[in-house]
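One letter stands for each residue in the lines below.
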Amino acid sequence: LFKQPDIGTLMLYSAVTGCMLFIAGLPLKICAILGTGVVAGAIGAFFLLHHVHERVVDFFQPLDPNTQVGYSIHSIRQGGLVGMGDEAFMTEKLPMAESDFVYAALVEDFGAILACIMLCLMLYIINRLIHDARGARDPFVFYAASGAALLFAFQIAINLATTLNLMPPTGITLPFISFGGSSFLSFCLLFGMIFAIIREDKWK
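Each chain carries its own residue numbering, running from 1 in the direction its sequence is written. Since the coordinates come from a predicted model, pLDDT governs what is reported: local features require at least 70, and pairs of side-chain atoms require 80 or more to be given and counted, while whole-chain, interface and lining totals use all residues. Note: side-chain values were computed over all heavy atoms of the structure, leaving out hydrogens and water.

Caption draft 1: Molecular detail of the pattern of salt bridges. One side-chain nitrogen of Lys or Arg within 4 Å of one carboxyl oxygen of Asp or Glu is enough to make a salt bridge. As enumerated under the stated definition, the model contains 1 salt bridge in all. Arg 128 is paired through a salt bridge with Asp 132; the nearest N and O atoms lie 3.7 Å apart. Here Arg 128 pairs with Asp 132, and both are found in helix H7 (residues 112-134), just 4 residues apart, close to one helical turn. To sort residues, take the accessible area from a 1.4 Å probe on protein chains only and compare it with the maximum for the residue type: under 20% means buried, over 50% means exposed, and anything in between is partly exposed. Owing to a relative accessible area of 32%, Arg 128 belongs among the partly exposed residues under this scheme. Residue Asp 132 is classed as buried on the basis of its relative accessible area, which comes to 11%. The helix and strand labels rest on DSSP assignments: H or I over at least four residues marks a helix, E over at least two residues marks a strand, and numbering proceeds from the N terminus.

Shown next, in the form of structure tokens:
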């Protein structure tokens, strides 16, 4: 992932892996060493990869309204509570509006109320995964459900943070919402397998 380079996905998988190792009981000293390695890798990416350096530097500059994130923030402001519907026009200027910045497009078209309802549904899914993980009898089911919840939650958090200018753009999609067959199919397969093993665990 670092070689491709796909730093956004590398960050996502590193965060999920780190949390899974912590949940599995890895000593805090080793967690700290691994965390230090991740930080060192992030610093290395900043100095070695031009596009990473450029995005991080741009993030700490005053927001340019003619950039992806600038269009994204403006789209969210225009949407208001109920959205602009067919009158929305900023989404047409927003690059990657159908994938990386789909949340901004949804807010402009349908409003903040509907967008918040969508987030509440996602939070409900995360809560159900955590609940099923805590009630699992088989340790494998516990770890699998926990990992799925972490992956789902972190991917949502990274996508929204990018959209709201809380972190540099990463190219991470919003699960089940962003356009793209590979992302949608991957999460369908993931949740299908997780629900299957949770159901089997409850029947034991």
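Caption draft 2: Structural context of the packing of helix H2 (residues 28-48) against helix H3 (residues 50-59). Relative orientation of the contacting elements H2 and H3 amounts to 100°, with a least axis distance of 5 Å. Of the possible angle classes, the one that applies to H2 and H3 is roughly perpendicular. Contacts between H2 and H3 involve Ala 45, Phe 46 and Leu 48 on the former and, on the latter, His 50, Val 52, His 53, Val 56 and Val 57. Among the residues making up the contact of H2 with H3, the classes are represented as 6 nonpolar, 2 polar and no charged. As a rule, the C-alpha atoms of each element are fitted with a line to give its axis, helices using only the stretch in contact, and angles between N-to-C directions run from 0 to 180 degrees. Any angle from 65 to 115 degrees is called roughly perpendicular, while one under 35 is roughly parallel, one over 145 is roughly antiparallel, and all others are oblique. Every residue pair with non-hydrogen atoms within 4.5 Å of one another is taken to be in contact. Residue polarity follows a fixed list, in which Ala, Val, Leu, Ile, Met, Phe, Trp, Tyr, Cys and Pro are nonpolar, Asp, Glu, Lys and Arg are charged, and the others, Gly among them, are polar.

Caption draft 3: Layout of the side chain of Thr 162. Its place among the elements puts Thr 162 in helix H8 (residues 139-163). Residue Thr 162 is classed as buried on the basis of its relative accessible area, which comes to 4%.

Caption draft 4: Quick peek at unusual backbone geometry. With a phi angle near 65°, Asn 165 is a residue other than glycine that sits in the positive phi range. Tracing the sequence through the fold places Asn 165 in the loop between H8 and helix H9 (181-203).

Caption draft 5: Quick look at the packing of H8 against H9. Look at H8 against H9: their axes get within 10 Å of each other, and the N-to-C directions meet at 150°. Classified by the angle their axes make, H8 and H9 are roughly antiparallel. Relative to H9, H8 is oriented so that their crossing is left-handed. From H8, Phe 140, Val 141, Ala 144, Ala 145, Ala 148, Leu 151, Phe 152 and Gln 155 reach across to H9, where they touch Ser 183, Phe 187, Leu 190, Phe 191, Ile 194, Ile 197, Ile 198 and Asp 201. Residues belonging to the contact of H8 with H9 are distributed by class as follows: 13 nonpolar, 2 polar and 1 charged. Handedness of each helix crossing follows the sense of rotation of the near helix against the far helix: counterclockwise by less than a right angle gives left-handed, clockwise gives right-handed.

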